[in-house]
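# Chain and residue survey
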Amino acid sequence: MAHGGSTLTGWYAVAPAVGVGTTPVPVAAGDRAYVLVRLQPGGEVSAFPARCPHRLVPLRTATVDGGRLQCPAHGWRFDSEGRCVDIPSLGSTGSPPPRADLAMPWAVEERHGWVWLAPDRTAVQSPPRPAAEPVPQPAPAPIAPRGPAFGNLDPSLERAWHPVALSRELRVGGWLQVRLLGRNWMLRRDGGELSAGPPAFGVRERLGVIWLAPAEPANVPLDVPEAGDRRFVSSWLPPLRSPGPAGPMVDTFLDATHGPFVHASTIGPADDEEAAPYRVEHEPGGFTSVQEQWCDNPVDPGVALRSRPLRQRRRTTYTYRAPFQLRLRQEFLDSGATTTIVYLLQPEDVDSSRLYVCLLLSDGPGRYLPTPATATRQIALQQQILEEDIRSQAALDLAGLPLDRRDELHVPADGRRVAPRQALVDFAAVRQREAAA
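## Here's the deal with the packing of helix 1 (residues 246-253) against helix 4 (residues 372-396)
The N-to-C vectors of helix 1 and helix 4 enclose an angle of 130 degrees; their axes lie 10 Å apart at closest approach. As judged from the angle between their axes, helix 1 and helix 4 are oblique. Between helix 1 and helix 4 lies a crossing of right-handed hand. Residues Pro248, Met249, Thr252 and Phe253 of helix 1 touch helix 4, and the partners they reach there are Leu386, Asp389, Ile390, Gln393 and Leu396.

Now the structure itself:
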């Protein structure tokens with residue numbers, strides 16, 4: 001057997017040609033990760049770097065659309081030369097920036113029944129005929145960000161209140177083992193008192209959730225006015241677990257441009273994928289942002305009665321508090337209804353986060369409370385959306401939320417996603433200043 005590459009020729013046999021079609025195939029050449037794909041059935045093979053430059057989404061999950069490679073998360077499209085030809089959030093008149101183009105290998109050839117890559121310029125213009133059957137290198141994981149990433153075991157997380165269980169999960173006189181920051185903790189409820197072992201700075205209940213702070217907390221609690229508003233009915237979804245760090249998941253919840261691609265089957269495609277204008281107002285511990293969009297509202301009873309259209313205008317207010325607390329207030333301007341979604345994330349381990357989601361529903365001022373049937377439909381819809389986000393998170397394969405802006409390519413629609421990165425940097429800086437004092 002011959003190895004898949006040679007430092008003398010610079011060519012690497014990376015995959016049998018017959019196995020490459022219009023679905024990306026992960027491969028390795030010189031310990032660098034690529035994907036192979038034919039942008040037309042039976043067409044030439046193209047080789048692309050393994051990640052999209054926007055949010056580092058692995059392109060092994062990309063699709064081919066109209067002779068272009070399309071990123072599954074935000075619909076960025078690349079031609080056979082790696083040029084970015086479309087960024088949906090910029091609109092039809094927007095021009096992709098030069099940094100959106102992919103760093104392609106120097107050459108790709110289909111010879112001797114194999115696909116060959118030359119990552120860098122080589123004096124050998126064509127791959128030589130192998131003396132024996134090539135043995136390709138195993139496809140490596142896509143390259144990690146060069147700069148720092150905020151992961152689930154960041155030392156600053158010791159100084160925060162973290163959700164560790166729903167109140168209903170811990171009965172009176174009972175105990176519950178939870179995982180937080182890579183350690184096991186035992187929660188106990190004796191009468192009206194909560195305790196934790198090993199000893200922690202504090203354990204408390206708030207918003208129907210049990211919170212634990214390993215050390216004196218420095219974070220700002222998330223305010224949820226709807227929790228005390230009698231016009232709202234609330235319901236906690238069963239906790240879910242995401243196979244990855246909490247930071248990228250929060251980043252997803254703050255993103256309004258992935259919906260037409262990740263959630264096309266649940267909330268529907270966008271009429272106009274261009275990102276609507278919005279503002280970000282920085283506040284202690286985080287920020288608030290307001291944006292209006294068109295979306296499908298299949299759970300609106302007026303849609304079934306044909307008194308309102310399926311496509312409706314929605315105003316969303318995003319409120320974020322570091323490290324992993326988020327409130328989305330969605331006001332449906334046609335029906336007057338409001339849906340508030342609270343997301344709380346528990347950083348369990350380096351590659352595991354537990355997710356708590358609460359729905360607070362109102363049919364609007366002067367109207368009856370939403371019926372149980374309405375709440376059930378809303379919960380089912382949110383469950384589907386969350387499962388889609390978790391699948392997307394599982395494919396992302398990141399150790400944390402990248403904090404160096406040079407590791408990702410930001411466009412105007414990403415302003416609300418840049419803001420939590422700065423909030424986490426500020427949050428971590430508090431501990432660093434105290435440690436240096």
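Having seen the structure, we can now continue with the description.
## Looking at the sheet that holds strand 6 (residues 63-65)
Pairing is antiparallel in the open sheet, where four strands are placed in the order 6-7-8-9. Of all the strands in the sheet, the pair left with one neighbour each is strand 6 and strand 9 (84-86). Bridging between strand 8 (residues 77-78) and strand 9 involves two bridges; their strand directions are antiparallel. Counted as the bridge partner of arginine 77 is aspartate 86 from strand 9.

## Re empty space enclosed by the protein
To find leftover empty space, one rolls a probe the size of a water molecule over the atoms. All chains considered together, the criterion is met by three cavities of 30 Å³ or more. Along its surface, the largest cavity is lined by Trp161, His162, Pro163, Pro323, Phe324, Gln325 and Leu345. Across the lining of the largest cavity, the residue classes tally to five nonpolar, two polar and no charged.

## Details of the pattern of salt bridges
Counted by the stated rule, this structure contains 27 salt bridges. We note a salt bridge from aspartate 414 to arginine 55, for which the minimum N-O separation is 3.9 Å. On the criterion of sequence distance, the pair formed by aspartate 414 in the loop between strand 28 (401-402) and helix 5 (415-436) and arginine 55 in the loop between strand 5 (45-49) and strand 6 is long-range, its members being 359 residues apart. Here aspartate 414 and arginine 55 have matching classes, each one buried.

## So, the layout of surface pockets
For the second largest pocket, the calculated volume is near 690 Å³. For the second largest pocket, the lining is made up of 28 residues, of which Pro49, Arg51, Ala103, Ile143 and Arg146 are closest to its centre. Of the residues that constitute the lining of the second largest pocket, the class distribution is 19 nonpolar, no polar and nine charged.

## Re the environment of tyrosine 356
Examined against the element boundaries, tyrosine 356 turns out to sit in strand 27 (residues 352-362). Look at tyrosine 356 and you get buried, because its relative accessible area is 0%. In this structure the C-alpha to C-alpha distance between tyrosine 356 and glutamine 325, which are 31 residues apart in sequence, comes to 9.9 Å. Not counting residues up to four positions away in its chain, the partners in contact with tyrosine 356 are Pro163, Val164, Ala165, Leu166, Glu169, Trp236, Pro239, Val342, Tyr343, Leu344 and Gln346. Engagement of the side chain of tyrosine 356 in a polar contact is seen with the backbone oxygen of valine 164, the distance being 3.0 Å.

## Describing unusual backbone geometry
Each neighbour pair has its own omega, and for glycine 197 with proline 198 the value is 5 degrees, a cis peptide bond. Note that proline 198 resides in the loop between strand 17 (193-197) and strand 18 (202-206). Between alanine 322 and proline 323 the backbone carries a cis peptide bond, its omega angle lying at 0 degrees. One non-glycine residue, aspartate 397, adopts positive backbone phi at about 60 degrees. With respect to the helices, strands and loops of the structure, aspartate 397 is situated in the loop between helix 4 and strand 28. Residue classification places aspartate 397 among the partly exposed positions, given a relative accessible area of 39%.

So, how was this worked out
Residues numbered from 1 in each chain as written. Predicted model: local features only at pLDDT ≥ 70, side-chain atom pairs only at ≥ 80, totals over all residues. Heavy atoms only, no water. Axes fitted to C-alpha atoms, helices over the stretch in contact; angles between N-to-C directions. Helix = DSSP H or I, 4+ residues; strand = E, 2+ residues; numbered from the N terminus. Parallel < 35°, antiparallel > 145°, perpendicular 65-115°, else oblique. Left-handed = near helix turned anticlockwise from the far one by under 90°. Contact = heavy atoms within 4.5 Å. Pairing = 2+ DSSP bridges. 1 Å grid on protein atoms, 1.4 Å probe; cavity = no way out; pocket = protein on both sides within 12 Å on 5 of 7 lines; lining within 4 Å. Points joined across faces, edges and corners; volume = space filled by probe spheres on them. Nonpolar A, V, L, I, M, F, W, Y, C, P; charged D, E, K, R; others polar. Salt bridge = Lys/Arg side-chain N within 4 Å of Asp/Glu carboxyl O. Buried < 20%, exposed > 50% of the residue type's maximum accessible area, 1.4 Å probe, protein only. Polar contact = N/O pair within 3.5 Å; in protein donor to acceptor, adjacent residues only side chain to side chain.

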